[in-house]
Amino acid sequence: MDVNGLQILVVDDEAEIRQLLQMQLKRKGFIVDTAEGATSAIDKMDKKIYDLVICDFRMPDGTALEVFQGLRGKTRFILVSGYSEMDEERLHSLGIQEILVKPVSFDKLIERVQATLIN
Amino acid sequence: MSHDHRLLGRQLAKMGLSAEKPPQSSDQWREFLDRVSKAYNDYDEDRYLLERSLDVSAQEMKDRFHKINLLVDQLQCNQGVLSNLIHDRPIEKIMGDLVVDVESRLNGFKGAIFSVEPGLGKLKFLAGPSLPASITEMLASGQVPPAYCPCHQAMEQKIVVSVVTEGVSEKNSMWRKMGIGACHAFPVLDDAGVVVAVFALYASDRLPLRVEESELMSSLSQVVQMTFSFLEIKEALNRENMASIARSKLQTLGELAGGVAHEINNPLFILQGYIDVIRAAIEDKQLDPGELSTICESMSSNVHRVAKIVNTLRTFSRDGSRDPLEPVRVKTLIEDAMELSSKRYDEVRFEVNMSEADAESVVLCRPIEIVQVVINLLNNAYYAVKNEENAWVQLEVRRAGQALEVRVTDSGHGIDEAVVKQLFQPFVTTKPVGEGTGLGLSISKRIMESHEGQLFYNAKNPNTQFVMQLPILNQVAA
C-alpha cells in the first residue's frame, strides 16, 4: 500500500520503545511523531489530525482510555499493552478494537498498522 | 415418779408397778426383768450399728482425703507444666521440671521420662535431671538392651514393670554397675490407649515401690499424658499456621503475576525491537559496528531489567518467616514492593510520596515479610477501586516520632463500620469466592506485630487508608 504522507503518533512512556517504533515506521515511509504521555499526546492530537495513534496502556499521567477519548476525525487507534487488568471484551465495549499485546514483533505490528489503515 | 424415763414410766404403768408398788409375784418380777433386758439389747444393737457406720464413714473420709491429696499433687505438677508451656519452653525442660517436682513427693527415687517414637517402638530419653551423668548418658545413648530394660517392657506390655536387683544375674550385675538398685517403669497411655511415654523411677538401694507411691505415679502419669497431647496440639496448630501463611503468600503471588507480566513484557518488546532492527540491517547489508555496539548495550540493560524483576519475585516467593531481623533502608523495601506491584495499575493512577530523608531511614526487619505487607495493602487498594472512575492509589512514607509510617490510601470512601470490626480476623473477605483467602490482613497484622510494629485501618481519613508502623533504627545501613 502507499503509505507516503500517512501520519502516525506513537505514545509510550518508555523512550526506547518510542525510538524503536519511530525508526521502524519511518523505514516503511510513514511520518511519525511521538508523545511520552497521555497529556502530550492529546496536545499533539489537538494540533494535527493523525491517521493513526499507536498507544501504550498505562503512562504516568494517564491511560490509553484518555488518549482514545481525545481522538478527532477519522483517526484510527491501536492499543499496545504489556498486560492489562481489563479484558479485551471490556476494551471492545469502550470502542477500542485493535489490541496488540507486548512483546509483539515489529513485522506483525507493521502488518496490523497497514490492515487498520486500509479498513 | 417424775424422774423416771418417760418410756420406762409407761412400761411400769402397763405392768401396774411403781416405786410404791413393787412386784409382788415372781412372774411379775420376771416380766419386769424381761422388759429391762430387751431395753439393754436394743441399746446394744443401736450402739453397734452406730459404731459400725462411724467406722465406714471414717474410712470413706480417709479414702476421699487420700484421693484429694493425689489430686492436689496432680494439680501442683500440672501448674508447673502449664507455666512452662505458657512460656513456650522446650519439652526437655518441661519434663525435667516435672521429674524434679515428682521426686519431691517420693522418698529416695530419681525419675526419668522417655518419649515413645511413634511407629518405631523406640524410646527417646527426654529428661532425668537428678540422675548422675553416667546413668543419663547410658540411657540417652540407647545402649541398654531392650530385654534388660524395664522401660522398654513397660512400653511393650503397657503395664508397670518393676525390677529390684536381687540375686545374681547378668542383667542385675549390669544395673548394679550403673549404681541402680531398683527401677520402676510406668507406661503413659493416651486416650486411645497408645503408649506415648514412659516415666521411670530409679533408686540406688533395692527400694520397692509402696502402694501410695504407685498410686501417686499413676495419677501423675496423667500430667505427662496431658503435656504430651498439649504439645501435639500446639505443633499441629503451628503447622496449620505456617500453611496458612504459605497459602496467603501464594494468593499474593498470584495477584502479582499480572503486574510482573507487564513489567517483563515491556523490556521484551524492546528486545524484540532491537532484534528486528538488526535483522533489517542484515537484510540491507548495512551493519555499522558503532551502532551495533550501542544496540547490544541497550539490549543488555533490558535483559538485566528482566533479570531484576525475576530475582525480586524469586526472593519474595521464598519463605522469609525464619529470617533474622536485619537493618534495611526504607527505599529498598518500597522499591522492591513497587517492582512487583505498581505497574499493573492500568487504569488506576498511582503515586508515591516519600522524602529523600525518609527513604534513607533504616528499619530492623525481615524484608521479605515487610514487602509482603506493603504489596498486600497495595493489592487490596487496587482491587477496591480498579473499576471506579478517576481511581487512584497513593503510597506515602513518613516519619512519626520514633516510628516509620507507610500509609496506603485509595480513592474509596472508607470501609463499612461492620466490616471494620472484623477486618483483621482471618478468613474475612469481601472478595468473591476464589479471589481472596481472607488471610491477607490478618497475616499482615501478625507480621507487623512480630516486628514490634503495627498495622491499622485509619477511619479518620476521608478516603480508605491503612497505616503500617515500624520502629526506626537510627543509623544508616552499610
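Residues numbered from 1 in each chain as written. Chains lettered and ligands numbered in written order. Predicted model: local features only at pLDDT ≥ 70, side-chain atom pairs only at ≥ 80, totals over all residues. Heavy atoms only, no water.

Participant: Mind laying out the overall build of chain A, listing which residues take part and the relevant values?
Facilitator: Along its length, chain A carries five helices and seven strands. Starting at the N terminus and walking to the C terminus, you meet the elements of chain A as β-α-β-α-β-β-β-α-β-α-β-α. Across the 119 residues that make up chain A, the buried fraction comes to 51%. Within chain A, residue pairs in contact and separated by at least 24 positions form 59% of the contacts whose partners lie at least 6 positions apart. Accessible surface, chain A: about 5600 Å² in total, of which carbon and sulfur atoms supply 46%. (Helix = DSSP H or I, 4+ residues; strand = E, 2+ residues; numbered from the N terminus. Buried < 20%, exposed > 50% of the residue type's maximum accessible area, 1.4 Å probe, protein only. Contact = heavy atoms within 4.5 Å. Areas by Shrake-Rupley, 256 points an atom, 1.4 Å probe, with all protein chains shown as cover.)

Participant: Let's hear about the interface of chain A and chain B: which residues, and what values?
Facilitator: Taken residue by residue, the interface counts 28 residues in chain A and 28 residues in chain B. For the pair chain A and chain B, the summed buried surface comes to about 2500 Å²; carbon and sulfur atoms form 53% of the total. Summed over the shared surface of chain A and chain B, the number is three salt bridges. Counting the contacts that link chain A with chain B gives eight residue pairs in polar contact (both at pLDDT 80 or more). Of all the secondary-structure elements, those providing two or more residues to the side of chain A that touches chain B are α1 (15-27), β5 (62-63), α3 (64-69) and α5 (106-118) of chain A. Here the side of chain A that touches chain B gets seven residues from one element, more than from any other, and that element is α1 of chain A. For the side of chain A that touches chain B, a count of residues per class yields 12 nonpolar, six polar and 10 charged. (Buried area = accessible area lost by both parts, 1.4 Å probe. Salt bridge = Lys/Arg side-chain N within 4 Å of Asp/Glu carboxyl O. Polar contact = N/O pair within 3.5 Å; in protein donor to acceptor, adjacent residues only side chain to side chain. Nonpolar A, V, L, I, M, F, W, Y, C, P; charged D, E, K, R; others polar.)

Participant: Please provide a residue-by-residue account of the pairing of strand β5 (residues 195-203) of chain B, values included.
Facilitator: Residues and elements named next belong to chain B. With nine of its nine residues buried, β5 lies for the most part within the structure. In the sheet, strand β1 (residues 110-117) pairs with β5 via six bridges, with the strands oriented antiparallel. Residue alanine 112 lies in a different strand from β5, and its bridge partner there is alanine 200. Two elements, strand β4 (residues 182-189) and β5, share eight bridges in a ladder whose sense is antiparallel. (Pairing = 2+ DSSP bridges.)

Participant: If you had to explain the packing of aromatic side chains to someone new, which residues and values would you point to?
Facilitator: Evaluation of the coordinates by the stated rule reveals six aromatic pairs over all chains. On the numbers, 5.0 Å between centres and 70° between planes, the contact of phenylalanine 68 of chain A with phenylalanine 77 of chain A is edge-to-face. Where phenylalanine 106 of chain A meets phenylalanine 269 of chain B, the ring centres are 5.5 Å apart and the plane angle is 10°; that geometry is what we call stacked. You can see phenylalanine 106 of chain A sitting in helix α5 and its partner phenylalanine 269 of chain B sitting in helix α7 (residues 211-283), one on each of two chains. Here phenylalanine 106 of chain A falls in the buried class, since its relative accessible area comes to 2%. (Phe/Tyr/Trp six-rings, centres within 6.5 Å; stacked < 30°, edge-to-face > 60°.)

Participant: If you had to explain α5 of chain A to someone new, which residues and values would you point to?
Facilitator: Residue and element names in this part refer to chain A. Here α5 is 13 residues long and its end C-alpha atoms lie 18 Å apart, about the 18 Å a rise of 1.5 Å per residue gives. The complete set of buried residues in α5 reads Phe106, Leu109, Ile110, Val113, Thr116 and Leu117. On an axial view of α5, the arc spanned by its buried residues comes to 125°, and they lie on one face. Among the exposed residues of α5, those oriented more than 90 degrees off its buried face are Lys108, Glu111 and Ile118. (Expected span 1.5 Å × (residues − 1). Arc of directions from axis to C-beta.)

Participant: Could you give me a rundown of the pairing of strand β8 (residues 362-365) of chain B, with the residues and numbers involved?
Facilitator: Residues and elements named next belong to chain B. Across four bridges, the pairing between strand β6 (residues 326-329) and β8 is antiparallel. Looking at the pairing, arginine 329 lines up with valine 362 of β8. Pairing between β8 and strand β12 (residues 464-473): two bridges, direction antiparallel. Directly across from valine 362, in β12, lies its bridge partner leucine 473.

Participant: Residues and numbers for the environment of aspartate 323 of chain B, please.
Facilitator: All names here are of chain B. The residue aspartate 323 is located in the loop between α8 (289-317) and β6 in this model. The class of aspartate 323 is buried, set by a relative accessible area of 17%. Along the sequence, aspartate 323 and proline 367 sit 44 residues apart, while their C-alpha atoms lie 8.8 Å from each other. Every residue in contact with aspartate 323, bar those within four places of it in the chain, is listed here: Arg318, Arg366 and Ile368.

Participant: Residues and numbers for the pattern of salt bridges, please.
Facilitator: For the structure on display, the rule yields 25 salt bridges over all chains. Each member of the salt-bridge network shares a partner with another, and the members are Glu396, Arg398, Glu405 and Arg407 of chain B.

Participant: Tell me about the nonpolar core, residues and numbers included.
Facilitator: Residue and element names in this part refer to chain B. Core analysis: the biggest nonpolar cluster contains 47 residues, and Phe316, Ile370, Leu395 and Met468 have the highest contact counts within it. No other element matches the 11 residues that helix α11 (residues 367-385) contributes to this core. When sequence neighbours within four positions are dropped, the list of residues in contact with methionine 468 reads Ile370, Val373, Val374, Leu377, Leu404, Glu405, Val406, Met448, Gln454 and Leu455. (Core = buried A, V, L, I, M, F, W, Y, C linked by side-chain atoms within 4.5 Å.)

Participant: Can you break down unusual backbone geometry residue by residue, with the values?
Facilitator: Cis geometry marks the peptide bond from lysine 102 of chain A to proline 103 of chain A; its omega dihedral reads -10°. Assignment of secondary structure puts proline 103 of chain A in the loop between β7 (98-101) and α5. The phi dihedral of aspartate 88 of chain B falls on the positive side, at around 60°, and the residue is not glycine. Following the sequence through the fold, aspartate 88 of chain B ends up in the loop between α2 (26-86) and α3 (91-103). Positive phi outside glycine occurs at lysine 158 of chain B, with the angle close to 55°. Counting through the fold element by element, lysine 158 of chain B comes out in the loop between α5 (150-157) and β3 (161-164). Look at lysine 158 of chain B and you get partly exposed, because its relative accessible area is 44%.

Participant: Outline the packing of α1 of chain A against α5 of chain A, supporting the account with residue identities and numerical values.
Facilitator: For any two helices packed against each other, one specifies the inter-axial angle together with the distance between the axes. All names here are of chain A. Interhelical geometry of α1 versus α5 gives an angle of 60° and a closest axis separation of 11 Å. Where α1 crosses over α5, the two elements pack in a sense that is right-handed. Of the residues in α5, those in contact with Leu20, Leu21, Gln24 and Leu25 of α1 are Phe106, Leu109 and Ile110. (Axes fitted to C-alpha atoms, helices over the stretch in contact; angles between N-to-C directions. Left-handed = near helix turned anticlockwise from the far one by under 90°.)

Participant: Go over the sheet that holds strand β2 (residues 31-35) of chain A with me, naming the residues and quoting the values.
Facilitator: Residues and elements named next belong to chain A. A sheet is described by the order of its strands in space; here five strands give the open sequence β2-β1-β3-β6-β7, paired in parallel fashion. Taken across any chain shown, the strands that pair with only one partner, and hence form the sheet edges, are β2 and β7. Each neighbouring strand pair of the sheet contributes to a mean axis angle of 20°, computed without reference to strand direction. Those strands touched by α5 are β1 (7-11), β3 (52-56), β6 (76-81) and β7, and its axis lies near 155° from that of β6.

Participant: Got a sec to walk through the confidence of the model for chain B? Specific residues and values, please.
Facilitator: The pLDDT averaged across chain B works out to 85; a share of 93% of its residues lies at or above 70. Under the prediction, the complex receives an ipTM of 0.84, its pTM being 0.51. (pLDDT = per-residue confidence, 0-100.)

Participant: Can you lay out the environment of leucine 404 of chain B for me, pointing to particular residues and giving the numbers?
Facilitator: Residue and element names in this part refer to chain B. One can find leucine 404 in strand β10 (residues 403-410). For leucine 404, a relative accessible area of 3% puts it in the buried group. Leucine 404 has contacts with Val330, Asp358, Ser361, Val363, Val397, Arg398, Met468, Gln469, Leu470 and Ile472, leaving out every residue within four places of it along the chain.

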